[in-house]
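Commentary on secondary and tertiary structure
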Amino acid sequence: LPRIITEASADPNLLKVPFGDGIIQLRDTCIATECCEVVFTPNSPHIQLAFNGVEIFTNGSGSHHQLRKLDTRINLMVNATARCGGIYMYSNHKGCDGSRLYFDGCAFILSNGKPIVQGSQFALADVEVMVANVDLEAVTSYRASIPSFTEQASGAKRIPKIDVTRFALTDDSFVPTPLMKAIRYHTPEEEIGYGPACWLWDYLRRSGGSGYLLPLSGGADSSSSAAIVGMMCHLVLRSIEAGDEQVLKDARRIGGYEQGEIPVSADEFASRIFHTLYMGSENSSSETKSRAKTLASQVGSYHLEVPIDSLTKALVSLFALVTGL
């Protein structure tokens, strides 16, 4: 131990302490954790932890969003508790990391391979808490029904336990939370929209910016970006209507609302924080101009049509003057 810790302790002879994986032994159960990506590995810690009597597994994860990645995460947790038994409590980071990654949340509690409660995958709330009453006796019965499990557990490597048996978690009089009928998954199209929309909102509110400016050409790329900002505005209004005070505070600041004013619709909010420009030239078509105007109207952005022929001609003239080409 560093000298400062030894000196701060009541025991001057405290020079060394164990370091590494361990199990918290309560009066009525055992708790342990596995971290983030180890659940993806072939020899995940929950296997040996289960052999050592752990009934509640926790996983504080930082798993970023990729298309259909949630399916993989959930399948791993379902399979882990279906093979080993136990309660699995999964928590995942939410929000953008200031760069290109977005962490999509979706907390879970499972029991013996069956989901009990599921958090939202895409939401603007900073914190989401999932609560469930679980039956630890069901874990004992589940494991006892698999003779091979008990045989393998008898020969497993022992993991150190921290004795805190003066504490207990269970209550003899409770009603277990019923199992979920089905896991909720977004369609791929919803993931493509909601993931970037949540990223845009988190980045905007944390950066101190006042909105987004988009050159809207009417083509696929810029139109998709405009639609995603529109989805962001709808998510903001949905959170405000659900009573999220933090989202309301951020929306009023970013949108420049006066005291007492609040966003009344996604379109109205978009008109304040989203500006689109159609920068047409003699090479542009009436179809792209019309598409850009229609989409801007549907999203609710503050839209301008700015001809850029004079700018391009000036640039070409300057280039010719400087280079002689």
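See the structure above.
Bear in mind that the values here come from a model prediction, so they are computed numbers and not experimental data.

Conventions and cut-offs
- Residues numbered from 1 in each chain as written.
- Predicted model: local features only at pLDDT ≥ 70, side-chain atom pairs only at ≥ 80, totals over all residues.
- Heavy atoms only, no water.
- Helix = DSSP H or I, 4+ residues; strand = E, 2+ residues; numbered from the N terminus.
- Expected span 1.5 Å × (residues − 1).
- 1 Å grid on protein atoms, 1.4 Å probe; cavity = no way out; pocket = protein on both sides within 12 Å on 5 of 7 lines; lining within 4 Å.
- Points joined across faces, edges and corners; volume = space filled by probe spheres on them.
- Nonpolar A, V, L, I, M, F, W, Y, C, P; charged D, E, K, R; others polar.
- Buried < 20%, exposed > 50% of the residue type's maximum accessible area, 1.4 Å probe, protein only.
- Arc of directions from axis to C-beta.
- Contact = heavy atoms within 4.5 Å.
- Polar contact = N/O pair within 3.5 Å; in protein donor to acceptor, adjacent residues only side chain to side chain.
- Phe/Tyr/Trp six-rings, centres within 6.5 Å; stacked < 30°, edge-to-face > 60°.
- Salt bridge = Lys/Arg side-chain N within 4 Å of Asp/Glu carboxyl O.
- Core = buried A, V, L, I, M, F, W, Y, C linked by side-chain atoms within 4.5 Å.

With 22 residues, helix H7 (residues 220-241) should reach 32 Å at 1.5 Å per residue; the first-to-last C-alpha distance of 32 Å fits that figure. Backbone geometry just after H7 places Gly243 at a positive phi near 95 degrees.

This part is about empty space enclosed by the protein. Scanning all chains against the criterion turns up one cavity of 30 Å³ or more. As a volume, the largest cavity reaches approximately 50 Å³. If you go around the largest cavity, the residues you meet are Cys36, Val39, Phe40, Asn59, Ser61, Ser63, Arg73, Met77, Tyr88 and Tyr90. Residue assignment for the lining of the largest cavity shows that the elements contributing at least two residues are strand E3 (56-61), helix H3 (69-84) and strand E4 (87-92). Taken together, the residues of the lining of the largest cavity break down into six nonpolar, three polar and one charged.

Those residues of helix H8 (residues 245-255) that fall on the buried side of the exposure criterion are Val247, Leu248, Asp250, Ala251, Ile254 and Gly255. Burial along H8 is one-sided: seen end-on, the buried residues are contained in an arc of 165 degrees. Exposed side chains of H8 directed beyond 90 degrees from the buried face belong to Glu245 and Lys249. Of the surrounding elements, those touching the buried residues of H8 are helix H6 (188-207), H7 and helix H9 (266-273). The residue sitting at the N-terminus of H8 and contributing the capping side-chain oxygen is Asp244; that oxygen lies 3.1 Å from the backbone nitrogen of Gln246. Of the residues trailing H8, Gly256 is marked for its positive phi of about 65 degrees.

So, about unusual backbone geometry. The backbone of Cys36 shows a phi angle near 50 degrees, a positive value even though the residue is not glycine. What makes Cys36 partly exposed here is its relative accessible area of 21%. Not every positive phi belongs to a glycine, and Arg68 is a case in point at roughly 65 degrees. Along the chain, the position of Arg68 falls in the loop between E3 and H3.

Looking now at the packing of aromatic side chains. Tallied over the entire structure, the rule returns six aromatic pairs. On the basis of an interplanar angle of 20 degrees and a centroid distance of 5.0 Å, the ring pair of Trp199 and Tyr203 is categorised as stacked. Of this pair, Trp199 and Tyr203 both sit in helix H6, separated by four residues, roughly a single helical turn. For Tyr203, a relative accessible area of 35% gives the class partly exposed. Taking the centre distance of 6.2 Å and the plane angle of 65 degrees together, the rings of Trp201 and Phe269 count as edge-to-face. A residue pair is termed long-range when its members are at least 10 positions apart, and Trp201 in helix H6 and Phe269 in helix H9 qualify at 68 residues. Residue class for Trp201 comes out buried when judged on its relative accessible area of 1%.

As a working rule, side chains carrying opposite charge can pair if their charged atoms are close by. By the definition in use, this model includes 12 salt bridges. With a closest N to O distance of 2.6 Å, Arg205 and Asp126 form a salt bridge. Of this pair, Arg205 sits in helix H6 while Asp126 sits in the loop between strand E8 (114-118) and helix H4 (136-144), and the two are 79 residues apart along the sequence. When its relative accessible area of 17% is taken as the criterion, Arg205 is described as buried. By relative accessible area, which is 45% here, Asp126 ends up partly exposed. Lys289 is the partner of Glu305 in a salt bridge, and the nearest nitrogen-oxygen pair spans 3.6 Å. Of this pair, Glu305 sits in strand E12 (residues 302-305) while Lys289 sits in helix H10 (residues 286-299), placing them 16 residues apart in sequence.

Looking at the secondary structure, you find Gly219 in the loop between strand E10 (212-215) and H7. Looking at Gly219, the relative accessible area reads 25%, which means it is partly exposed. Expressed as a C-alpha distance, the spacing of Gly219 and Ala292, which sit 73 residues apart in the sequence, is 8.1 Å.

Core analysis: the largest hydrophobic core is formed by 35 residues, its most contacted members being Trp201, Met232, Val236 and Phe269. Listing elements by their share of this core, those giving two or more residues are H6, H7, H8, H9, strand E11 (274-278) and H10. Sort the elements by how many residues they give to this core and H7 lands first, with nine residues. If we skip the residues at most four places from it in the chain, Trp201 touches Leu124, Met232, Val236, Val247, Asp250, Ala251, Ile254 and Phe269. Membership of the second largest hydrophobic core comes to 24 residues, among which are Ala32, Ile74, Met77 and Tyr90.

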